[in-house]
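# Examining the three-dimensional arrangement
Here is what each chain is made of, one letter per residue.
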Amino acid sequence: MALSSESRDRILGKLSAGGLPRKGLTKMYAGYGRGYRCAACDRTITPYDVEYDMDFGGGVSYRMHSDCGALWQAECEQRDGSCTSAEMADEHEPTL
């Protein structure tokens, strides 16, 4: 699914307004869509789409199309340096 300019604008607007989280991602899963609404673009994630299921801890999760999730992640990294929580980042740092 290529992002339309309308979908891109919606995602960027939600990030700016606080409608999507910018930090705190603890786990992320990918699979085929199951008919849920994309938290980023508000369109249905069909079985033909790849769906990202993102867990932010405390029972908070968001589902997004893979393209919407990629834009979300890129924007979070550009704005804040990362979209993950400190705990998740620490888990993946190399140990010496």
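Residues numbered from 1 in each chain as written. Predicted model: local features only at pLDDT ≥ 70, side-chain atom pairs only at ≥ 80, totals over all residues. Heavy atoms only, no water.

### A look at the nonpolar core
- Core analysis: the biggest nonpolar cluster contains 17 residues, and Leu20, Cys38, Ala40, Met64, Cys68 and Trp72 have the highest contact counts within it.
- Mapped by element, the contributors of at least two residues to this core are helix 1 (5–17) and helix 2 (66–80).
- Sorting elements by how many residues they give to this core places helix 2 first, with 4 residues. (Core = buried A, V, L, I, M, F, W, Y, C linked by side-chain atoms within 4.5 Å. Buried < 20%, exposed > 50% of the residue type's maximum accessible area, 1.4 Å probe, protein only. Helix = DSSP H or I, 4+ residues; strand = E, 2+ residues; numbered from the N terminus.)

### Side note on helix 1
- For helix 1, with 13 residues, the first-to-last C-alpha span of 18 Å sits near the 18 Å given by 1.5 Å per residue.
- Those residues of helix 1 that fall on the buried side of the exposure criterion are Ser7, Ile11, Lys14 and Leu15. In a view along the axis of helix 1, the buried residues occupy a sector of 100 degrees, so they form one face of it. The exposed set on the far side of helix 1, more than 90 degrees from its buried face, consists of Ser5, Asp9, Ser16 and Ala17. (Expected span 1.5 Å × (residues − 1). Arc of directions from axis to C-beta.)

### Some details on the packing of aromatic side chains
- Evaluated as defined, the whole model comprises 2 aromatic pairs.
- Summarising the aromatic geometry, the rings of phenylalanine 56 and tyrosine 62 are spaced 5.5 Å apart at their centres and angled 90 degrees between planes, so their arrangement reads as edge-to-face.
- Note on phenylalanine 56: relative accessible area 13%, which makes it buried.
- Taking the centre distance of 6.0 Å and the plane angle of 90 degrees together, the rings of phenylalanine 56 and tryptophan 72 count as edge-to-face. Linking phenylalanine 56 in the loop between strand 2 (50–55) and strand 3 (61–65) with tryptophan 72 in helix 2, this pair joins segments that are 16 residues apart in sequence.
- The ring of tyrosine 36 has arginine 63 lying over it, and the distance from NZ or CZ to the ring centre is 3.8 Å. (Phe/Tyr/Trp six-rings, centres within 6.5 Å; stacked < 30°, edge-to-face > 60°. Lys NZ or Arg CZ within 6 Å of the ring centre and 35° of its normal.)

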